[in-house]
Amino acid sequence: MLLQLADSPFFSQDHGDSAYYLRWAARVAAGQWTDGQAFLGLPLYPYFLACLQLLQLPFPWAPLLFQAGFDALTGGLIFLAIAATAEPSKPRSTLLCASVSCLGWIFFRPAQAFAATLMPNPPATLAFTGFLVLLIVRWHQGHRWTAFQALGVGGALGFVTLLSANLLFLLPLLAVALWPPPEEPRSRLVNWVGRSGLLVVGLAAGSSPAWVHNRFVAGEPVALSAHSGINFYIGNNPLATGYPNFPPGIRASQEGLLEDSARLAEARLGRPLRRYEVSAYWNAEAAKFISENPGLWARIIFAKIRNYYSNFEYDDISVIRPLRMLGVTTMGWGFGTLVVVAAGGLVLGRSRPSTRWAAAAVALHTLSVLPAFVTERYRLMAVPALLMVAGTGWLHAWQARSLGPLSWTGAAGAMLLAGWVVTSAPRPGGVDTLADYNAAVRLLAAGERELALPLVQRIEQSEAANAEVALMLGNFWQEAGENARALDHYRRAIERDPQLLRAWNNAAVLAIAEAHWPLAEQLVAHLQKAAPADSRVAYYTAQIALARNDLPAAQQALDRALQLRPDEPLYRALEQEISRRRNP
């Protein structure tokens, strides 16, 4: 798969959220260990990438090989969890079921895509799976936790939460595992409270690199990352769908999301804000919505649960479909199908402790996603646990011979019925269009216009209500040379989000290129009010004045542009044109 990736435009990893982490890592490797503010994003993954850079390992081969290794270890842990808890008297069926479950992970479509993408999801999924397997194997073998082990496990859990805060939701399972056995000589409750306290102490110590930096270096009261507020608001607002439905004025990329959320919060409060204040602002906005609209919020929560267990792949960073279209990833199955198989395993293996542990982990992971929204990269962490539920449950039914031929037929029929219900669950309007949009944007950025064209045409046939979608369509048709079509999409983007300055800017550029001077004047006048310090606006003003043959006004506007960006070649070329007209 990596060899296939190396021949694709996605190999450089200089796009989307991967580029965000790479830029962060580059700053750390260059000696800028902190920017003096609270972390925007969890820090362990970019610091890991920075270590690889400091070791001068080849990029991006080195981190991608680590990603593949994380993915392979996760598959090995799935195999271990099933093999270690099955009946030793029936090794052949045990090994067969463990192998099939491991293959289920290998051919899970999102796992393939994220293993080929520099994102923290593969190592975070490995950590989640590792803790779950540790709990299952120790419980199966009858081992109980000592006080020192509770402290160590808490420390390890705290450290890996620097990859993903969702891992914190394993804490209840760990607390249950600490309950002493009946033969404990002293009070079981006292022992459990003491060990649980050590677990929490270890958790605080393990996560200390984040909260110590944020509190004592940055001087901001943030536990892990200051981006949680905007994620909470996106998942809980009047426009929320259960998927990432970004409010007007906020870009969908990691960097754009963080920048725009701060800009909007500062504009609304009328003063500069520190990062923790931005997060607090959006937390307060979401809390206000929840308190004022409990019924609507309950429907949003239900939608998130439905989205979580559906077969629809909402890939907010747009890697799954493009990599499949480029032939990097292979055929495979999706989340909804796995849920159906796991549901059958849960029913059949409900008496087995290992099945119940894995099912509880899936339920807790579902709860960890509900405060924000559902995406494929968020669901990935629960996939190994679902495979364990499916594998242990169906293996138990097979080894116990608890199902006859008719029962097996009935179970298969019930699974097909449940699969139809799951995969046909209704989705909010525009979600399919946005999925096409995300994939088309990534393919266009990679120069794969031919692959993007069918997606673009399908998007145009839908009634997308998102300004970013209309902007992308305008950019696509402008590059294709169909300027009238592009300008029409820019107008739609402006109508849907008047604050989307990129649409105003692109429309102004196109209007000037097409010599639509009245429209160009109108667009540039808006940009002058919205972005007076942007040198491009002064440049556009100079172009319009030159078209009217008003040379003094053109020179005055161009002087402002050159003052802001004196080395811009376009501005110097226009200066020469003005000079030529003055002195023919």
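Structural notes, computed from the coordinates. (Residues numbered from 1 in each chain as written. Predicted model: local features only at pLDDT ≥ 70, side-chain atom pairs only at ≥ 80, totals over all residues. Heavy atoms only, no water.)

### Topic: the pattern of salt bridges
- Enumeration according to the criterion identifies 16 salt bridges in this entry.
- With its nearest N and O atoms 3.2 Å apart, the salt bridge here joins Arg 548 to Glu 521. Placement of the pair is Arg 548 in the loop between helix H28 (535-547) and helix H29 (551-564) and Glu 521 in helix H27 (residues 517-530), with a sequence separation of 27 residues.
- Accessibility expressed as a relative area gives 48% for Arg 548, which makes it partly exposed.
- Via salt bridges that share partners, Asp 17, Asp 316 and Arg 377 belong to a single interconnected network. (Salt bridge = Lys/Arg side-chain N within 4 Å of Asp/Glu carboxyl O. Helix = DSSP H or I, 4+ residues; strand = E, 2+ residues; numbered from the N terminus. Buried < 20%, exposed > 50% of the residue type's maximum accessible area, 1.4 Å probe, protein only.)

### Things to note about helix H23 (residues 449-461)
- With 13 residues, H23 should reach 18 Å at 1.5 Å per residue; the first-to-last C-alpha distance of 18 Å fits that figure.
- Regarding H23, the residues found buried are Ala 452, Leu 455, Val 456 and Ile 459. (Expected span 1.5 Å × (residues − 1).)

### What to know about the nonpolar core
- Within the largest apolar cluster, 163 residues are counted, with the highest numbers of intra-cluster contacts made by Leu 5 and Leu 558.
- At ten residues, the largest contribution of residues to this core is made by helix H20 (residues 383-400).
- Excluding residues within four positions of it along the chain, Leu 5 makes contact with Phe 10, Phe 11, Gln 13, Leu 64, Ala 116, Leu 323 and Val 328. (Core = buried A, V, L, I, M, F, W, Y, C linked by side-chain atoms within 4.5 Å. Contact = heavy atoms within 4.5 Å.)

### Some words on the layout of surface pockets
- A volume near 910 Å³ is recorded for the second largest pocket.
- Every residue lining the second largest pocket is counted, 40 residues in all, and those nearest its centre are Ala 165, Asn 166, His 227, Asn 231 and Tyr 378.
- The class makeup of the residues in the lining of the second largest pocket is 23 nonpolar, 14 polar and three charged. (1 Å grid on protein atoms, 1.4 Å probe; cavity = no way out; pocket = protein on both sides within 12 Å on 5 of 7 lines; lining within 4 Å. Points joined across faces, edges and corners; volume = space filled by probe spheres on them. Nonpolar A, V, L, I, M, F, W, Y, C, P; charged D, E, K, R; others polar.)

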